Structures are given as C-alpha cells and as structure tokens.
Amino acid sequence: MNRKGLDAVSILPFVFLLFLLGAGLAIGSAAFYGRHYEFRDVETRTLAEIVNRCLAEKDFFSSEFDISQCGLNKAAVEKEHLLYVKRGDGKEFFVGVINYRTECALSNKNDAYAHCIYFNTTSGNAHVEVVVGSNQHVIRGLV
Amino acid sequence: MEKKGASTVLNEEIMYYIFLGIFLAGMIVALSGLRNNAVLWEEVYAKELARIIDHSQSGTEVKLDVTRGVAIALNNGRALNEAFVFDNIQNKVIVHLRSSGGSSFNYLTNKTIVDWHTERNSGGIDKDQLIFTVR
C-alpha cells in the first residue's frame, strides 16, 4: 500500500530528470545547429528596387493606388515588412508594420529588429523619402 | 490482495516506460530535422527560391540545381515530388527536407508558379533539377 504512494511521488524526479536532459539537448543542439540564413538585407534590397521603380511610374498618394499596382502582394508585404513613403509636403503612405520605423533605427543594436534601407527619390515632381524594411523569418514546423 | 499489489507495481513501471517513450519520441523527431543540416538547407532553399521568384519576369522558366536538397530529402524518407512545393494562394515557397515538417517563406511579388517538378538526371554526376515557370 505504501509503495503505491511512494512511486507516484518518485515519478516526479524522473520526469524532472527527463526535462533537464531534454532542455540540455535542445539548448546544445540549438547553439550548434540553430544558425539562420540571414536574408533580411537581401529581401529589403529587392523590395527597395521594386518600390523605387514603381515610384517613378505610379502616384502612391492617389486614392486608387494599391501596392499590387507595383506587382507586390499586399498580404505578403503587410505581415513582416514595411514600405513607408513620405512626400516633401509631409503626406505619408505606408503598408506593413509601422513600428519597424523605430526598429530600423536600432537594428544595429538588436539583431531581432527589422533590417531597413532608407533612400530619397522623386515621384512625379515631388521629392519623397522612402523606408523599406523586412523582418521576415522562415516558418518552421508542419507546413 | 497480492495480485492487486503486483498489478499496481506493473502499472507504475509501465508509466515510467510511457514517459520515457514520449521523451525519446520527442527527441528523435526534434533531432531528426537537424540530421544532415536539413533544417538549415530547407531555409536556404526557401529563401533563395523566393528571391529567384521575386526577380523573375513573367514567363521565365527556372531550372535550379537542387542535388543537395534532393539527397537530404530522399535520405530522410521524403518523396521527390514533395521536397519543393509552391503555394500560389499564400505566396509561399515550402521546402520539406526533414522526415516530418518543413520550412516556408513568403515571396513578395504577385507571381504564380506553374508546372513545377523535380527531375533526377543520373550521369557522371547526379544533377537534380527543380524546374518551374513563373507567371
């Protein structure tokens, strides 16, 4: 009768040991294998090229404008990217995560922040400031 | 009474084995993805394919050497036709090189990928090619 109670309690240290072993293996293998293929700068350059080309042809501040007119997929850009355009008169246009504007300024301090490119160009006759950024990571799992 | 006691001890032993089994199964699944660097290669292929798609003009036929990826996928028990998949609805490249699970990455442009397939060409050196058309 005592044995039943004793074993029910003694299984907890066993589970705890398994947890410790699992955590150790997970941390060790993540440190060794958990490298990422850094791609945010490349992706940001791609986005900047597309936006720069599109700014020369389209009016981003028109009410009918949509980034699909630049060949971009809005759903894909919205989630983990930023496309921000500010005209000389202060008018702004953006698609994506606006917080990335703050992250961009701090990306050299924290690698988890979005990687961005800033550039100036003209759209129509107006001078525009552009910020494009990406913080897209690969999704791992049951995909 | 003795029989009942023996059964309780047996049940407790089984519980230990069940916990151990769950733990080992979890570790095997987690570590199998790391074999052959499959997880890293999934990420490399997913991101580079997204870049190729974003930079391709409509109508471009792409032929990409995926010999390394195919070798890893087949070694992990994956079928050839499920290693590289394109989701045109969600704009995703999906790569399965591990025995279970995979990696996906969004491409940014409004492109549709058609006629994708992987060809195995055996010769002096195996060159497996992923072939698809960007529309």
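To keep things clear, this report deals only with the structure shown in the data block. (Residues numbered from 1 in each chain as written. Chains lettered and ligands numbered in written order. Predicted model: local features only at pLDDT ≥ 70, side-chain atom pairs only at ≥ 80, totals over all residues. Heavy atoms only, no water.)

### Structural notes on the state of the cysteines
All names here are of chain A. Applying the stated rule across the entire model yields 2 disulfides over all chains. In this model Cys54 forms its disulfide with Cys70; the gap between the sulfur atoms is 2.0 Å. Looking along the S-S bond of the Cys54-Cys70 disulfide, the torsion reads about -75°, which is the left-handed sense. Of this pair, Cys54 sits in helix α2 (residues 40-57) while Cys70 sits in the loop between α2 and α3 (74-80), and the two are 16 residues apart along the sequence. Considered together, Cys54 and Cys70 belong to a single accessibility category, that of buried residues. With a sulfur-sulfur separation of 1.7 Å, Cys104 is cross-linked through a disulfide to Cys116. An S-S torsion of about -55° defines the bridge between Cys104 and Cys116 as left-handed. Residue Cys104 is found in helix α4 (residues 100-106), and its partner Cys116 is found in strand β3 (residues 115-123); the two are separated by 12 residues along the sequence. Note on accessibility: Cys104 and Cys116 belong to one class, buried. For chain A, the bonded cysteines pair up as 1-2, 3-4 when numbered in the order they occur along the sequence. (Disulfide = S-S within 2.5 Å. Helix = DSSP H or I, 4+ residues; strand = E, 2+ residues; numbered from the N terminus. Buried < 20%, exposed > 50% of the residue type's maximum accessible area, 1.4 Å probe, protein only.)

### Some words on the interface of chain A and chain B
Counting from both sides, the interface comprises 39 residues of chain A and, opposite them, 36 residues of chain B. Surface buried jointly by chain A and chain B totals about 3,600 Å² across both partners, of which 64% is contributed by carbon and sulfur atoms. On the surface where chain A and chain B come into contact, there are 1 salt bridge. A salt bridge links Glu43 of chain B to Arg140 of chain A; its shortest N-O distance comes to 2.5 Å. The interface formed by chain A and chain B contains 14 residue pairs in polar contact (both at pLDDT 80 or more). (Contact = heavy atoms within 4.5 Å. Buried area = accessible area lost by both parts, 1.4 Å probe. Salt bridge = Lys/Arg side-chain N within 4 Å of Asp/Glu carboxyl O. Polar contact = N/O pair within 3.5 Å; in protein donor to acceptor, adjacent residues only side chain to side chain.)

### Focus on the sheet that holds strand β3 (residues 92-95) of chain B
Where strands meet in a sheet, backbone hydrogen bonds hold them as pairs that are either parallel or antiparallel. The 4 strands lie next to each other as β5(A)-β4(B)-β3(B)-β2(B), forming an open sheet whose pairing is antiparallel. Each edge of the open sheet carries a strand with a single partner, namely β5 (139-141) of chain A together with β2 (84-87) of chain B. Strand-to-strand twist in this sheet, taken as the mean axis angle between neighbours without regard to direction, amounts to 20°. Here β3 of chain B runs beside strand β4 (residues 102-106) of chain B; their pairing, made up of 4 bridges, is antiparallel. Looking at the pairing, Val93 of chain B lines up with Phe105 of chain B of β4 of chain B. (Pairing = 2+ DSSP bridges. Axes fitted to C-alpha atoms, helices over the stretch in contact; angles between N-to-C directions.)

### Topic: unusual backbone geometry
Residue and element names in this part refer to chain B. Within the chain, Asn91 stands out as a residue other than glycine whose phi angle is a positive 55°. Here Asn91 is to be found in the loop between β2 and β3. One non-glycine residue, Asp115, adopts positive backbone phi at about 55°. Of note, Asp115 is situated in strand β5 (residues 113-121). On the accessibility criterion, Asp115 (52% relative accessible area) is exposed.

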